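Take a look at the letters that make up each chain.
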Amino acid sequence: QVQLVESGGGLVQPGGSLRLSCAASANIFRFNTMGWYRQAPGKQRELVAVLSRSGSTNYVDSVKGRFTISRDNAKNTVYLQMENLEPEDTAVYYCKAVLGRPWSTITDDYWGQGTQVTVSS
């Protein structure tokens, strides 16, 4: 069973920065992808950024140029560096890992418990 633990959320003023961390209980190179999602009150959960095993990245348009997803293989940790934060970024941020089963096309999703990010003056 894979466990993901997020940290780094908090209250920040507009224009500020935060770095979220997602620590995995397994070697992150095992995962097909790791990503960050967010869910604001009354809204559906949305993909924010994703990082593949090969190192390719993808971002939702609203955060391009402001957020950066990265990883530290030695620490089995994925990060989301968030710059120039806006009130619209306020949400609970979740880490997700996708793991393929051996000799199968089936994949399993693992989620962290979430960390709150609030952008407000």
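Here the structure is a predicted model, which means the values were calculated and not measured.

Undergrad: Would you mind showing me how to read the overall build of the chain here?
TA: Check the secondary structure of the chain and you find zero helices and eleven strands. Its C-alpha atoms give the chain a radius of gyration of 14 Å, within 12% of the compact-globule value 14 Å for 121 residues. C-alpha atoms of the chain, sized along the principal axes, occupy 50 × 30 × 25 Å. Every one of the 121 residues in the chain was classed for burial, and the buried ones make up 41%. Pairs at least 24 apart in sequence give 54% of the contacts found in the chain among residues at least 6 apart. By element, 47% of the accessible surface of the chain is carried by carbon and sulfur atoms, the whole surface being about 6,600 Å². Of the side-chain charges in the chain, 12 are positive and 10 negative, and the distance between the mean point of each set is 7 Å.

Undergrad: Quick question: what am I supposed to make of the pairing of strand E3 (residues 18-24) here?
TA: Looking along a regular strand, one sees the side chains alternate between the two faces of the sheet. Along E3, five of the seven residues are buried, which leaves the element largely enclosed by surrounding structure. Across four bridges, strand E1 (residues 4-7) lies against E3 in antiparallel orientation. Its bridge partner being in E3, Val5 is matched across the sheet by Ala23. Relative to strand E8 (residues 77-82), E3 runs antiparallel, the two sharing six bridges.

Undergrad: I keep staring at the state of the cysteines and nothing clicks. Help me out?
TA: Disulfide: a covalent bond formed between the sulfur atoms of two cysteine residues. Enumeration over the complete set of coordinates arrives at one disulfide. Here Cys22 engages in a disulfide with Cys95; their sulfurs sit 2.0 Å apart. Every disulfide takes its handedness from the sign of the S-S torsion; for Cys22 and Cys95 that torsion is -75°, giving left-handed. Here Cys22, found in strand E3, pairs with Cys95, found in strand E9 (residues 91-100); they are 73 residues apart in sequence, far enough to count as distant. With respect to burial, Cys22 and Cys95 carry one shared label: buried.

Thresholds, definitions, all that
- Residues numbered from 1 in each chain as written.
- Predicted model: local features only at pLDDT ≥ 70, side-chain atom pairs only at ≥ 80, totals over all residues.
- Heavy atoms only, no water.
- Helix = DSSP H or I, 4+ residues; strand = E, 2+ residues; numbered from the N terminus.
- Rg over C-alpha atoms; globule rule 2.2 N^0.38 Å.
- Buried < 20%, exposed > 50% of the residue type's maximum accessible area, 1.4 Å probe, protein only.
- Contact = heavy atoms within 4.5 Å.
- Areas by Shrake-Rupley, 256 points an atom, 1.4 Å probe, with all protein chains shown as cover.
- Lys, Arg positive; Asp, Glu negative; His and termini not counted.
- Charge placed at Lys NZ, Arg CZ, Asp CG, Glu CD.
- Pairing = 2+ DSSP bridges.
- Disulfide = S-S within 2.5 Å.

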